[in-house]
Amino acid sequence: MSTISDIITEVRVECDDVDKTRWDNDDDLILPLVKRAYRRVENIGIRKGLDFARTKAILTLSSGSTTVALPDDFKRDIGLYIGNEEITKLPLDEFEQTTSGDYWIINGDSIQFISTASEDTSITFWYYPALEISEYTTSTTTPWSGRLDDIVVEYVSLRLKNIDEYNTEMELQFLAEMQDQILEVYQPLTAVMQTMGGWNN
């Protein structure tokens, strides 16, 4: 498994700075760029509904309860299943006007159901987890089993190579190229679009 330090080493090779003559401290510039790149990859994965960005948790709705805690790393929901049946998530206004049925919403840090569970119920909850990217250090293992590492290396290398001429248009170009590379490899055959505003959300 690769670490962030391995990514930085590859970036330095790409930028012909293995001897650290231009950027002598990994933490000053390169590490923040690597962290930003992974955050943007994460957001692309969510916005485009890509498989690598999602996960699932098996939760238990206790008998007599209408709520179950969200996973600690929850960022955005995809779907909820009991057995083989997908349970419908309602918009808030509809939820408030509904008094019965198998429906749910996100309420703070919990999943809330309309109906009270008559017994302990196993729930399969698909969601996008939030990466703790702000806490990444050079010793952190790269996410998604390293499958996006090469794309991150290329993005960060381009940023560094053009650091002196950097402008917003150039950043948008780099982002577009990174998204195109990700989608070329990981776009589902049946596209699932997740709307999420902005690159940094």
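These lines cover the structure that appears in this document, whether it is placed above or below. A quick note: this is a predicted structure, and the numbers were derived from the prediction, not measured.

Our next topic: the pattern of salt bridges. Throughout the structure, instances matching the rule amount to five salt bridges. Note that arginine 39 and glutamate 42 form a salt bridge whose closest N and O atoms lie 2.4 Å from each other. Highlighted residues: arginine 39 and glutamate 42, both in helix H2 (residues 30–47), separated by three residues, approximately one helical turn. Arginine 39 gets classed as partly exposed once you look at its relative accessible area, which sits at 23%. Glutamate 42 sits in the buried class, given a relative accessible area of 2%. For lysine 89, the salt bridge identified is with aspartate 77, shortest N-O distance 2.8 Å. Residue lysine 89 is located in strand S4 (residues 85–89), and its partner aspartate 77 is located in strand S3 (residues 74–82); the two are separated by twelve residues in the primary sequence.

Right, let's talk about the pairing of strand S6 (residues 110–113) for a bit. Only one face of S6 is buried: it carries Ile111 and Phe113, and the other face, with Ser110 and Gln112, is open. One ladder, built from three bridges, connects strand S2 (residues 67–69) with S6; its direction is antiparallel. Residue pairing across strands places valine 68 opposite isoleucine 111, the latter belonging to S6. In this structure, strand S5 (residues 103–107) lies alongside S6, joined through four bridges in antiparallel fashion. Bridging across to S6, isoleucine 106 finds its partner in isoleucine 111.

Attention now moves to the nonpolar core. Ranked by size, the top nonpolar core spans 35 residues in total, and within it Val34, Tyr38, Val156 and Ile182 carry the most contacts. Only helix H1 (4–14), H2, helix H4 (149–161) and helix H5 (168–186) provide two or more residues apiece to this core. The element contributing the most residues to this core is H2, with nine residues. Apart from residues no more than four positions distant in its own chain, valine 34 is found in contact with Ile4, Ile7, Ile8, Val152 and Val156.

Attention now moves to the sheet that holds S3. Strand pairing in a sheet is mediated by backbone hydrogen bonds. Such pairs are either parallel or antiparallel. Spatial ordering of the open sheet is given by S1-S7-S3-S4-S5-S6-S2, a layout of seven strands whose pairing is mixed. Among the strands making up the open sheet, the edge pair consists of strand S1 (55–61) and S2. In this sheet, neighbouring strand axes are inclined to one another by 35° on average, regardless of whether the strands run parallel or antiparallel. With six bridges connecting them, S3 and strand S7 (residues 121–129) associate as antiparallel partners.

For the rest of this paragraph, the subject is H1. Where H1 is concerned, the buried positions are Ile4, Ile7, Ile8, Val11 and Arg12. What you see down the axis of H1 is that its buried residues fit within an arc of 140°, all on one side. Contact partners of the buried residues in H1: H2 and H4. Aspartate 16 sits one or two positions beyond H1 and adopts a positive phi of about 55°.

Calculation rules
- Residue positions are given per chain, counting from 1 as you read along its sequence in written order.
- Residues qualify for local features only when their pLDDT is at least 70, as the model is predicted, and side-chain atom pairs are given and counted only at 80 or more; totals for whole chains, interfaces and linings, by contrast, use all residues.
- For the side-chain quantities, the full set of heavy atoms in the structure was used; hydrogens and water were omitted.
- Just to be clear on terms, a salt bridge is a Lys or Arg side-chain nitrogen sitting within 4 Å of an Asp or Glu carboxyl oxygen.
- Numbering of helices and strands runs from the N terminus; a helix is a DSSP stretch of H or I covering at least four residues, while a strand is a stretch of E covering at least two.
- The buried label applies to any residue whose accessible area, calculated with a 1.4 Å probe on protein chains only, is under 20% of its type's maximum; exposed applies above 50%, and partly exposed to all values in between.
- Two strands pair if DSSP finds at least two bridges between them.
- The term nonpolar core refers to a set of buried residues drawn from Ala, Val, Leu, Ile, Met, Phe, Trp, Tyr and Cys, joined through side-chain atoms within 4.5 Å.
- Residue contacts are defined here by distance: any two heavy atoms, one from each residue, within 4.5 Å place the two residues in contact.
- Helix axes are fitted only over the stretch in contact, all axes being lines through C-alpha atoms; the angle between N-to-C directions runs from 0 to 180 degrees.
- The arc in question is the one traced by the directions running from the helix axis out to the C-beta atoms.

On their own, these measurements won't tell you what the molecule is for.
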